[in-house]
Amino acid sequence: MKLGIVGLPNVGKSTLFNALTNAGAQSANYPFCTIEPNVGVVAVPDSRLDVLAKMYSPELYTPAVIEFVDIAGLVKGASKGEGLGNKFLSHIREVDAIIHVVRCFENNDIIHVDGSVDPIRDVETINLELIFSDMEILERRIDAVKKAIKGDKTLAPKLELLERIMGALSEGKTARSLDYTEDELDMLSDVALLTIKPVIYVANVSESDIADISKNEHYGKLAEFAKSEKSEVIPVCAEIEAEIAELDDDEKEMFLSDLGIKESGLDRLIKASYSLLGLISYLTAGPKEVRAWTIKKGTKAPQAAGKIHSDFERGFIRAEIVSFDDLVKCGSMNAAKEKGLVRSEGKDYVICDGDIVLFRFNV
């Protein structure tokens, strides 16, 4: 799963990416510093794995991961090819969801491409370019469906849906601001809309605001906007996160405590991104490896087993499952079995987040 980090030039996008991945992406105080997208794979924080690691002392510790892509800064006119527009839009098309970094801090030493800080204007600048791109795509698709509908009347609902989305886009609204049925989402599976991709807005604030975000008016405006669009907003100070990324775990804990913060902004962002994509983790545990496996919510046991190996899915017999909380209370798998807390589940069982699973299979 890929998440694209986007934003206007000089909003702290690459600084945030560096902190997320320690990948050393170039970061400077001028537009288009990021030209080709930088890619980093980031572990999803999961305290359950730490508990299991203490229990089993495994040879390997393997968390779930998400891929982040740092995409070039965007300017007005991108949909018409201005700046790095065409490249920018093609890179966004490849990601599953968008992390939109928005500047919510004042600093005269860091130039703003529009000369002042205004988070709603900045969001709308990028959204409008994506909307213009989507309108071009929809215009062509609507024309094609109108021609095809003469010989296939079953396309009427699709045409109605595409025209409804076009109406929203024409009013400056994103496609994700509308409600869809499962059937409608299926109809859109072959329409590559940018504004239907899920978004998390990251409000990049100053260090003085991070402990009490309510003081930051820019953040308040962005939060209201995100709510209207059914999106989430997370306050982060990219500079602080860059400092935290250089610390070891003990130092990090002390640093956060001194700032009055329980969890780093990046940890919250990674968890929120994982949830945004509709992902959960099931766990496997033993002396060889403690591991989190990424699956979509609603995945049944055989398909979850297939994440480990195709043979597990093909020859699936059953899944032996204990919840994380039950295992921790009992202290060991044997104790959980003695108490009847290890369940045997078949092919129709839907895996839950935090299930600790042993698959039985025969090939």
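Everything numeric here is computed off the predicted structure, so don't read it as measured data.

Reading the values: the criteria
- Residues numbered from 1 in each chain as written.
- Predicted model: local features only at pLDDT ≥ 70, side-chain atom pairs only at ≥ 80, totals over all residues.
- Heavy atoms only, no water.
- Helix = DSSP H or I, 4+ residues; strand = E, 2+ residues; numbered from the N terminus.
- Buried < 20%, exposed > 50% of the residue type's maximum accessible area, 1.4 Å probe, protein only.
- Contact = heavy atoms within 4.5 Å.
- Areas by Shrake-Rupley, 256 points an atom, 1.4 Å probe, with all protein chains shown as cover.
- Lys, Arg positive; Asp, Glu negative; His and termini not counted.
- Charge placed at Lys NZ, Arg CZ, Asp CG, Glu CD.
- Axes fitted to C-alpha atoms, helices over the stretch in contact; angles between N-to-C directions.
- Parallel < 35°, antiparallel > 145°, perpendicular 65-115°, else oblique.
- Nonpolar A, V, L, I, M, F, W, Y, C, P; charged D, E, K, R; others polar.

(A) Main features of the overall build of the protein chain. Regarding its fold elements, the protein chain presents 15 helices and 12 strands. The proportion of buried residues among the 363 residues of the protein chain is 48%. At a minimum sequence separation of 6, the contacts of the protein chain that also span at least 24 residues come to 68%. When the accessible surface of the protein chain is split by element, carbon and sulfur atoms take 49% of a total near 17900 Å². The protein chain carries 43 positive and 60 negative side-chain charges, and their two centres are separated by 7 Å.

(B) Region of the structure containing unusual backbone geometry. Even without glycine at this site, Asn10 takes up a positive phi of about 65°. Structurally, the position occupied by Asn10 is in the loop between β1 (2–6) and α1 (13–21).

(C) The arrangement of the packing of α1 against helix α11 (residues 265–276) in detail. Remark: α1 packs on α11, axes separated minimally by 10 Å, with the N-to-C direction vectors making an angle of 85°. If you check the angle between α1 and α11, you find them roughly perpendicular. Contacts from Leu16, Ala19 and Leu20 in α1 reach Leu266, Leu269 and Ile270 in α11. Taken together, the residues that form the contact of α1 with α11 break down as six nonpolar, no polar and no charged.

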